[in-house]
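Remarks on the overall topology
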Amino acid sequence: MLLESIVLRNFRNYENLELEFSPSVNVFLGENAQGKTNLLEAVLMLALAKSHRTTNDKDFIMWEKEEAKMEGRIVKRGQTVPLELTITQKGKRAKVNHLEQKKLSQYVGNLNVVIFAPEDLSLVKGAPGIRRRFLNMEIGQMQPIYLHNLSEYQRILQQRNHYLKMLQMKRKVDPMLLDILTEQFADVAINLTKRRADFIQKLEAYAAPIHSQISRGLETLKIEYKASVTLAGDDPEVWKADLLQKMESIKQREIDRGVTLIGPHRDDSLFYINGQNVQDFGSQGQQRTTALSVKLAEIDLIHEETGEYPVLLLDDVLSELDDYRQSHLLGAIEGKVQTFVTTTSTSGIDHNTLKQATTFYVEKGTVKKS
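The name given to the protein in an unreviewed UniProt entry is DNA replication and repair protein RecF, with the source organism recorded as Listeria seeligeri FSL N1-067. Taken directly from UniProt, the Function (unreviewed entry) text for the protein runs: "The RecF protein is involved in DNA metabolism; it is required for DNA replication and normal SOS inducibility. RecF binds preferentially to single-stranded, linear DNA. It also seems to bind ATP."

Now the structure itself:
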C-alpha cells in the first residue's frame, strides 16, 4: 500500500499544499513548531478520520477559514484510489474514489497506517484509556465493522448510564428497562471483547519474537487482554453469561454510583516480560522495547489481515530511541514499508535507510523537496 500524493487546503498551518511522495522513505526535516507533525497528522486523518493529538475538529481548520480539506492518492492492490476528507464546523465528509461515504466507518480502512510517536511510549506505562484507544484505532482500520460495533456500544452505554443516574436520583422509571438495556449492553460488549482478545492474541504472536530479537534473547514478552469477563474457552455465550452474572451482582452498586462499572470501556491490556508486569516493574528501556515491538508487530499483523503492508508514520520518535533501537527499527522497515519520518536533524542517525530517503524541508508552513 502506498500514498502517492497529498493535497492540503486550510489544514492547520497549510493553506495550500501539494506533495508527491517516494514509495520508500520520506523525511520531513525542520525545527520544532514549523508544521512537520501536522503533515503526519494529515496522513493519519486521511486514513482514520481522526488524529492522535486532538478530538476537536475545529483545531484542524485554519484560522478564519470555513473548512479544511485533505486529498490523497493511494495505490492499493495495484489500483489507484483517490481519497478525500473534508472537515467543517459541523463535522466530516468523506469520499472514496469520488463517491461520498454515508458513514465514516465505511471510509476508514482504505488507507492503513501505523503511527509511532513519543506519546506511544506511554502505551505500556500510561493509563488504560491509552491502550483501549490503541485497540479501537488498530482493530477499526482492519475491521470496519468493529467501528460500527463500538459506536453501538457507546450509544447503549450512554443510555444505560443515563438510566442508572435516574435510578440513583430516585426518579420514577420502569425497573424492567434496566434489565433490557443490560441485555443489549452485554451482547455488544461481548462482540467487542471477542475482537479485542483475538487481536491481542495475534499481536503477541508477532511482537514476542521481535521483542526477543531486540533483547538479544534475554526477554520473553507476553500480552494479555484483561477483560471484564472470564475468557475461558471460545464460546461467546459463556462469556455473556459470565458478564450478566457479574453485572447482576453489582447492580445495586451501579445504581448507587449512577454509572456502568464493568465492560470494554473499563478493560485493559497488560504486558509481561519474563512474567513481570512491565507497567509496574519494567525499566524505561524495557517499556520502550515493548512499545517498539508492538508497533513493528502491527505492521506484520495488518499485512496478514489485509494482504498489504501499511504506511508507517514516525513522528519525532527516533530521537527518543537509543542507537540500538533506532537501528533495529530502521532495519526492520527497510525496503518493506512506505515510511514518513519527522525529525529536527538526521545527524547522529547513521543508517542506510535515512541516507537514501527523500527529504522535505519544512519551515513556517512551507515544504520544499530536496
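Here the narrative resumes, following the displayed structure.
1. Digging into the domain arrangement of the protein
Taken domain by domain, the protein consists of domain 1 (1-112 + 308-369) and domain 2 (128-300). Averaged C-alpha coordinates put domain 1 and domain 2 at centres separated by 29 Å. Taken together, the contact pairs 20 residues of domain 1 with 18 residues of domain 2. In this assembly, domain 1 packs against domain 2 so that about 1700 Å² is buried in total across both faces, 65% of it on carbon and sulfur atoms. At the junction of domain 1 and domain 2, the tally comes to 2 salt bridges. One salt bridge connects E320 with R288, and the closest N-O pair in it is separated by 3.6 Å. Remark: the boundary between domain 1 and domain 2 carries 6 residue pairs in polar contact (both at pLDDT 80 or more). No other element matches the 6 residues that helix α11 (residues 323-333) contributes to the side of domain 1 that touches domain 2. A breakdown of the residues in the side of domain 1 that touches domain 2 according to their chemical character gives 12 nonpolar, 4 polar and 4 charged.

2. Some thoughts on the UniProt feature "binding site: ATP" (unreviewed entry) in the protein
Under the present numbering, the feature "binding site: ATP" (unreviewed entry) in UniProt falls on G30, E31, N32, A33, Q34, G35, K36 and T37. Summarising the element assignment, A33 is placed in the loop between β3 (25-29) and α1 (36-48). Accessibility expressed as a relative area gives 81% for A33, which makes it exposed. Looking at where G35 falls in the secondary structure, it is placed in the loop between β3 and α1. Since its relative accessible area comes to 8%, G35 is described here as buried. Here G35 is in contact with N13, Y14 and V362, once residues within four sequence places are set aside.

3. Structural notes on the UniProt feature "domain: RecF/RecN/SMC N-terminal" (unreviewed entry) in the protein
Here the UniProt-annotated "domain: RecF/RecN/SMC N-terminal" (unreviewed entry) positions come out as residues 3-350. What you have in residues 3-350 is 46% helix and 22% strand, and the ends, taken at the C-alpha atoms, are 26 Å apart.

4. Structural notes on the sheet that holds strand β10 (residues 268-273)
Sheet architecture is open: 3 strands sit in the order β9-β10-β11, paired in antiparallel fashion. Sheet topology places β9 (221-226) and β11 (276-277) at the edges, where each strand pairs with a single neighbour. Note that β9 and β10 share 6 bridges and pair antiparallel. Paired with K222 across the strands is Y272, a residue of β10. Lying over the sheet, helix α6 (residues 176-214) contacts β9 and β10, oriented at roughly 170° with respect to β9. Contacting β9 and β10, helix α10 (residues 284-306) runs over the sheet at an angle of about 115° to β10.

5. Thoughts on the pattern of salt bridges
This structure, assessed with the given rule, holds 22 salt bridges. Close ionic contact of E67 with R93 constitutes a salt bridge, the shortest N to O distance being 3.8 Å. Here E67 is found in strand β4 (residues 67-76), whereas its partner R93 is found in strand β6 (residues 91-96), with 26 residues between them in sequence. Shared partners join several salt bridges into a network, and the residues in it are E4, E20 and R73.

6. Regarding the sheet that holds strand β7 (residues 99-100)
Pairing is antiparallel in the open sheet, where 6 strands are placed in the order β2-β1-β4-β5-β6-β7. A single partner strand is all that each edge strand has here, and the edge strands are β2 (14-20) and β7. Sheet analysis places strand β1 (residues 2-11) next to β2, joined by 6 bridges and oriented antiparallel. From the neighbouring strand, R9 faces β2, where its bridge partner is N16. Where α1 meets the sheet, it contacts β1, β2, β4, β5 (79-88) and β6, and its direction lies at approximately 110° from that of β1.

The rules behind the values
- Chains are numbered independently. Their residues run from 1 in the order of the written sequence.
- Local features in a predicted model are, by the rule used here, given only for residues with pLDDT of at least 70; side-chain atom pairs are given and counted only at 80 or more, and totals for whole chains, interfaces and linings are based on all residues.
- Calculation of side-chain values draws on the structure's entire complement of heavy atoms; hydrogens and water are dropped beforehand.
- UniProt positions are given in the numbering used here, feature names are shortened, and annotations may be inferred rather than shown by experiment.
- What counts as a domain boundary in this text is fixed by an automatic or database domain assignment.
- Whether two residues touch is decided by their heavy atoms; if any such pair falls within 4.5 Å, the residues are in contact.
- When two parts are put together, the accessible area they lose, computed with a 1.4 Å probe and summed over both, is reported as buried area.
- Take a side-chain nitrogen of Lys or Arg and a carboxyl oxygen of Asp or Glu: if they are within 4 Å of each other, that pair is a salt bridge.
- We call two N or O atoms a polar contact when they sit within 3.5 Å, provided that within protein one can donate a hydrogen and the other can accept it, with sequence-adjacent residues counted only if both atoms are side-chain atoms.
- Here a strand is any run of E in DSSP of at least two residues, a helix any run of H or I of at least four, and the numbering for each starts at the N terminus.
- Here the nonpolar group is Ala, Val, Leu, Ile, Met, Phe, Trp, Tyr, Cys and Pro; Asp, Glu, Lys and Arg are the charged ones; every other residue, Gly included, is treated as polar.
- Here the term buried applies to any residue with accessible area under 20% of the maximum for its type, exposed to any over 50%, and partly exposed to those in between, with areas from a 1.4 Å probe on protein chains only.
- Strand pairing is assigned whenever DSSP detects at least two bridges linking the two strands.
- To obtain an axis, a line is fitted to C-alpha atoms, over the contacting stretch when the element is a helix, and the angle between two such axes runs from 0 to 180 degrees between their N-to-C directions.

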